[in-house]
Amino acid sequence: MTIDSTNEPMRLKVSHTTRYIFPSEVNFGLQQVRKTPKETDQQTIHGWTTTIQGGQSQLSFTDYHNNHVELVSFEKGTTELVLTSAGEVQIADSYGVVGRHRGPAPLWLYRQSTDLTKIGQGVKALARQVEGATELERMHNLSALVLQAVGYDKSVKAVDRNVEQILEDGNGVCQDHTHLFLACARDMGLPARYVSGYLMLDTQTTQEAMHAWAEAYVDGLGWVGFDVSNAISPDARYVRVATGLDYSQAAPVTGMRIGGEGEALAVEIEVVQQ
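Residues numbered from 1 in each chain as written. Predicted model: local features only at pLDDT ≥ 70, side-chain atom pairs only at ≥ 80, totals over all residues. Heavy atoms only, no water.

(A) Just empty space enclosed by the protein, in detail. Tallied over the full model, the rule gives one cavity of 30 Å³ or more. Computed from the structure, the largest cavity encloses a volume of approximately 140 Å³. Taken together, 16 residues line the largest cavity, and the ones lying closest to its centre are Ser94, Val98, Pro234, Asp235 and Arg240. When residues of the lining of the largest cavity are traced back to their parent elements, those giving at least two are strand 6 (97-99), strand 11 (211-218) and strand 13 (238-244). Within the lining of the largest cavity, the residues separate by chemical class into seven nonpolar, six polar and three charged. (1 Å grid on protein atoms, 1.4 Å probe; cavity = no way out; pocket = protein on both sides within 12 Å on 5 of 7 lines; lining within 4 Å. Points joined across faces, edges and corners; volume = space filled by probe spheres on them. Helix = DSSP H or I, 4+ residues; strand = E, 2+ residues; numbered from the N terminus. Nonpolar A, V, L, I, M, F, W, Y, C, P; charged D, E, K, R; others polar.)

In structure tokens form, the structure reads like this:
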């Protein structure tokens, strides 16, 4: 994935469709949908909507990571569920700086490891290589070291590898880079969190998955973003959607169901500049 940096503010039009097709009828199911971007000092949302086929919205709420979550139930007997979220987002470039921490989750929570980001000997060894006179410089250098240790390989499909497995394999995608960055930053004593969102690419408008990057809390600046896979800090082409301790807390769709085993999944995302 290659992109060129820009400092200009942007207004992006985003459409994100997730389609499930089930070989048998679903008797019951609930899905948590996290596709609505966050309102921040750098990001303003215009006319964002979610449409549902094969189910209905039961309620919406803000979780403890300040993510907008919609709870969607399946219609009884459905064999297809289609979730489409779309709207426009105005984004100002802040050189990756998101700023102060906003609750309700306390800042110390983001120093905690998860199953996917559990700190082992490989993480500790990589973190010890990080140099720099300031926290910000060390985080930029960490980002470069992670990309050096784990090459970008879009053919990697495993979503459940922990960071020690990722280091051992030596390849991965944006999710893997992000998890490894989080583990190292936390081992170095900094709060760090996973970000899922949309990214406008230079060479294509349609994509098959959301993008992922990391944010670390740096004294004097607050939260700062690091896109390890593209070796830059997020700019005006990045739409922040959901955050969490790892992918599982920021995934676009999670949930459970009874029936409909062995579904087929198709995702189509379009991001264009207005």
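Now, onward.
(B) Region of the structure containing the sheet that holds strand 11. Spatially, the five strands line up as an open sheet ordered 6-12-11-9-13, and their pairing is antiparallel. The sheet terminates laterally at strand 6 and strand 13, the two strands that pair on one side only. Taken pair by pair, the neighbouring strands of this sheet meet at an average axis angle of 35 degrees, ignoring direction. This element, helix 4 (residues 174-187), spans strand 9 (192-199), strand 11 and strand 12 (222-226) of the sheet and lies at about 15 degrees to strand 11. (Pairing = 2+ DSSP bridges. Axes fitted to C-alpha atoms, helices over the stretch in contact; angles between N-to-C directions. Contact = heavy atoms within 4.5 Å.)

(C) Summary view of the packing of aromatic side chains. Counted by the stated rule, this structure contains eight aromatic pairs. For the pair tyrosine 194 and tyrosine 247, a centre-to-centre distance of 6.1 Å together with 70 degrees between the ring planes defines the contact as edge-to-face. Here tyrosine 247 lies in helix 5 (residues 247-250) and tyrosine 194 lies in strand 9, a separation of 53 residues in the sequence. Given the relative accessible area of 2%, tyrosine 194 is considered buried. (Phe/Tyr/Trp six-rings, centres within 6.5 Å; stacked < 30°, edge-to-face > 60°. Buried < 20%, exposed > 50% of the residue type's maximum accessible area, 1.4 Å probe, protein only.)

(D) Representation of the nonpolar core. Core analysis: the biggest nonpolar cluster contains 46 residues, and Met139, Leu142, Leu180, Phe181 and Tyr198 have the highest contact counts within it. Among the elements that make up this core, the one with the highest residue count is helix 4 (seven residues). If we skip the residues at most four places from it in the chain, methionine 139 touches Phe181, Ala185, Met188, Leu190, Ala216, Val218 and Phe226. Ranked by size, the runner-up nonpolar core spans nine residues in total, among them Val33, Val72, Phe74 and Leu81. (Core = buried A, V, L, I, M, F, W, Y, C linked by side-chain atoms within 4.5 Å.)

(E) Expanded view of the pairing of strand 3 (residues 55-62). Alignment of strand 3 against strand 4 (residues 68-74), held across seven bridges, turns out to be antiparallel. Counted as the bridge partner of glutamine 56 is serine 73 from strand 4.

(F) Examining the layout of surface pockets more closely. Its volume calculated, the largest pocket comes out at about 1300 Å³. In terms of lining residues, the largest pocket is bounded by 37 residues, among which Lys157, Glu208, Ala209, Met210 and Val267 are the most central. Sorting the residues of the lining of the largest pocket by element identifies strand 1 (10-33), helix 4, strand 9, strand 10 (206-207), strand 11, strand 14 (253-259) and strand 15 (264-273) as the ones contributing at least two each. In terms of residue class, the lining of the largest pocket is built from 20 nonpolar, 12 polar and five charged. For the second largest pocket, the lining is made up of 21 residues, of which Lys38, Glu39, Thr40, Asn66 and Arg102 are closest to its centre. Grouping the amino acids of the lining of the second largest pocket by side-chain chemistry returns four nonpolar, 10 polar and seven charged.

(G) Summary view of the packing of helix 1 (residues 121-128) against helix 4. Where helix 1 contacts helix 4, the axes come no closer than 9 Å and their chain directions differ by 70 degrees. The orientation of helix 1 relative to helix 4 falls into the category roughly perpendicular. Between helix 1, through Val123, Lys124, Leu126 and Ala127, and helix 4, the contact on the second element is made entirely by Leu180, Ala183, Cys184 and Asp187. Taken together, the residues that form the contact of helix 1 with helix 4 break down as six nonpolar, no polar and two charged. (Parallel < 35°, antiparallel > 145°, perpendicular 65-115°, else oblique.)

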